Amino acid sequence: MAGNDPEFVVVGSGAGGGTLAARLAEAGHRVTLLEAGGDPRKLQGGDPIDPGGNRLPDDYDVPVFHAMASENEAMAWNFFVRHYADTAQQRRDPKYVEARDGVLYPRAGTLGGCTAHNALVLLAPHNADWDEIADLTGDRSWEGRKMRGYFQRIENCHHRLFPYRWLGKLGINWTRHGWSGWLRTEKEMPEAVLRDKARKTMLLDAAIDAFERCDDPVEQARWWFKSQLDPNDWRRVRDNISGACYAPMTTSRHRRTGARERVMDVACKYPDRLTVELNALATRVLFGEGNRAVGVEYLKGERLYRASGGAAGNGGELRTVNASREVILAGGAFNTPQLLMLSGIGSRTLLERHGIAVRVDLPGVGQNLQDRYEIGVVNRMDFSCWDILEGARFAKGDRQYGSWADKREGVYATNGLVLATIKRSLRERRVPDLFCFAMLSRFYGYFPNYSKVVAESLNYLTWAVLKGYTNNRAGEITLRSADPRDPPSINFRYFGEGSAGYDEDLDAVVDGVKFVREVTEPLRQAGLIAEEELPGPRVHTDDQIREYVRDNAWGHHASCTCPIGAMDRGGVLTSDFRVHGTRGLRVADASVFPRIPGLFLVSAVYMIGEKAADVILTEVRR
């Protein structure tokens, strides 16, 4: 290898890859980070609110603009996925786009990956998520009590009261938050929504009602006092406590922060160590003798991947970059298995069908696709606009934007969540499996121009029900073609088409819908809700709610498509992230999990990036 080759090539700059690349460079190693998109703070692109204009960097920076960020043309990778193989069932989903044969699944092709458009929620996984991997592999470094150290390394907590931060820095840290990490976490409750006394009373009543309906109210009161509604308090994570909570946000002084900021900080500090190659679409991993990864081939050019809507005629410039030590893939649950298959690693039958020479027959690649199930209960209020959203255009120049730009205050400093509850669908469940949260918006899933609907609906209250710990592991990613610019074929195989236990998943979501309806009933009785638009008053029996969920559910936490585990059980990786049958090739992103962890995914992926860096640095030192 040439002396100026990087030691490590990392593909993908999201929560896993960006975190890993930055940590390796900080430790003194030469790293090249390949990112298929550009820098969201320097790009120009419109969204459904202003299709011909430029909405950046505001779509990236302003927390409440996260929906617009997901549809900004400069950043968006629009996958269209199947929830069902059965076309008749798939067509029952009103979000299904016949011309694309799928439902919109927004991803981000930009520096920072999906941390550039997510809703900024950071919820720590439960210990049980990590303990399960430790039990599966026999690798005790995965135990929850040890993995919490990575959460602490990442976090710079600014949402607990001052004494906790002060004591934590002195080593007295029973919350086990991180107080000096690189990812700042904050909270911003949109208190202005409570200016109207009647609405304030009713929303507070709804919060108290949600609190009382979760497990034992006396136990909840004790934890309310101990954790101050903080869902990431170590004691809540350790003991699987449910109940009302707020949702910590990854913002820095109420502006988005994430993997992009981490990468840019390290690249500026150590420009001789970390090279960030933007507009670089990886096409295959290069191998030497003994199946050793020695580099990556990529196409240089803007918006080359067809999920970006890029021009088909622009093929880009073919380049290669060598790695003297290792190649690490971190393209996410869709793109990492695609890149492995394009490199000859995957099911022999599938690869040969596309004329790809088989390097490692590894049938687990692209299998085991998992997600959460989500559904919305959408209420139109009896007034024209929430006070806090008065005059909002979700654009520069309105009053709320001025409050955010000048003082970092108001609804634009939030992600729009006003109430949240973690609960069990069944009391006997060991770990809470439902996250129910209320938003001041009209949101019922993803479809083209959904963000414009959100921005134009100023008198709605939507409760979203998110079902974690799903039984379904039957989804899959397969190649659509051998062309690296073509997105893969994606089918999640929801409910009856998926794994056994789908009825338990379905009933859990039904429980969530009934729960949020009960919580909003006082608002209805007080006349504040004009109409429940979805599911609607005609949907009231359990069977009718089940049908509504089957026809309308969605997800946005795709994961688990290159799982850690033994090859003969569908595994793709060892417990130290190595791809079976290869040398010098690892994966560090959302695809590594055998089972989808926690309730929100990004914290776990950040932790994967840190753990992978530790594993690699330990081996280098040896």
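No experiment lies behind these values; they were computed from the predicted model shown.

Caption draft 1: Examining unusual backbone geometry more closely. With an omega of 5 degrees, the peptide bond running from Leu56 to Pro57 counts as cis. As for its placement among the helices and strands, Pro57 is situated in the loop between β2 (31-34) and α2 (58-61). Each neighbour pair has its own omega, and for Leu534 with Pro535 the value is 0 degrees, a cis peptide bond. The residue Pro535 is located in the loop between β21 (529-534) and α17 (542-552) in this model. We note that Leu120 has phi near 75 degrees; this positive angle belongs to a residue other than glycine. Examined against the element boundaries, Leu120 turns out to sit in the loop between β4 (103-108) and α5 (127-137). For Leu120, a relative accessible area of 0% translates into the label buried. Of note in this structure, Arg408 is not a glycine but carries a positive phi near 55 degrees. Along the chain, Arg408 turns up in the loop between α14 (399-407) and β16 (417-423).

Caption draft 2: Molecular detail of the packing of helix α1 (residues 17-26) against helix α18 (residues 602-621). It is the contact of α1 with α18, at a shortest axis distance of 8 Å, that shows an interaxial angle of 35 degrees. Crossing hand, α1 versus α18: right-handed. Residues Thr19, Leu20, Arg23 and Leu24 of α1 form the contact with α18, whose participating residues are Tyr606, Gly609, Glu610, Ala612, Ala613, Ile616 and Leu617. Residues that form the contact of α1 with α18 fall into these classes: seven nonpolar, two polar and two charged.

Caption draft 3: Expanded view of the pattern of salt bridges. Applying the stated criterion to the full structure yields 53 salt bridges. Residue Arg140 pairs with Glu143 through a salt bridge whose shortest N-O separation is 2.9 Å. Judged by relative accessible area, which is 36%, Arg140 ranks as partly exposed. Ionic pairing is found between Arg348 and Asp361, a salt bridge with its closest N-O pair at 3.9 Å.

Caption draft 4: A look at the packing of α1 against helix α11 (residues 259-269). In contact at an axis separation of 9 Å, α1 and α11 are set at 20 degrees when each is read in the N-to-C sense. Our classification of the angle between α1 and α11 gives roughly parallel. Between α1 and α11 lies a crossing whose hand is left-handed. Residue-level inspection shows Gly18, Ala22, Arg23, Ala25 and Glu26 of α1 in contact with α11, the latter providing Arg262, Val263 and Val266. Its residues assigned to classes, the contact of α1 with α11 shows four nonpolar, one polar and three charged.

Caption draft 5: Expanded view of α18. Across its 20 residues, α18 extends 29 Å between first and last C-alpha, which sits within 8% of the 28 Å expected from 1.5 Å per residue. Counting buried positions along α18 gives 15 out of 20 residues, so the element sits mostly inside the fold.

Caption draft 6: Region of the structure containing a nonpolar patch on the surface. A cluster of nonpolar residues, Phe162, Trp166, Leu170, Ile172 and Trp174, forms a patch on the protein surface that exposes about 600 Å² of accessible area. Inspection of the secondary structure puts Trp166 in helix α7 (residues 162-169).

Calculation notes
The written sequence of each chain sets the order in which its residues are numbered from 1. Only residues with pLDDT of 70 or above have their local features reported here, since the model is predicted, and side-chain atom pairs are shown and tallied only from 80 upward, although totals for entire chains, interfaces and linings are computed over all residues. Side-chain descriptors were evaluated using all non-hydrogen atoms of the structure, hydrogens and water having been removed beforehand. Counting from the N terminus, the helices are DSSP H or I runs at least four residues long and the strands are E runs at least two residues long. The buried label goes to any residue with under 20% of its type's maximum accessible area, the exposed label to any with over 50%, and the partly exposed label to all in between, with areas taken from a 1.4 Å probe on protein chains only. Helix axes are fitted to C-alpha atoms over the stretch in contact, other axes to C-alpha atoms as well, and angles between N-to-C directions run from 0 to 180 degrees. Definitions for this section: a left-handed crossing has its near helix turned counterclockwise from the far helix by less than a right angle. A right-handed crossing has that turn clockwise. Contacts were defined at the residue level, with two residues in contact if any of their heavy atoms lie within 4.5 Å. Throughout this entry, Asp, Glu, Lys and Arg are counted as charged residues, while Ala, Val, Leu, Ile, Met, Phe, Trp, Tyr, Cys and Pro are counted as nonpolar. The remaining residues, Gly among them, count as polar. Any carboxyl oxygen of Asp or Glu that lies within 4 Å of a side-chain nitrogen of Lys or Arg is treated as forming a salt bridge with it. Here is the rule for angles: anything less than 35 degrees is roughly parallel, anything more than 145 is roughly antiparallel, 65 through 115 is roughly perpendicular, and the remaining ranges are oblique. Expected helix span is taken as 1.5 Å per residue step, with the number of steps being one fewer than the number of residues. Note that patches include only residues with greater than 30% relative accessible area and no salt bridge, and the join distances are 9 Å for like charges and 5 Å for nonpolar side chains (Val, Leu, Ile, Met, Phe, Trp, Tyr). In these tables, accessible area is a Shrake-Rupley quantity obtained with a 1.4 Å probe, and a residue counts as shielded only by the protein chains included in the view.

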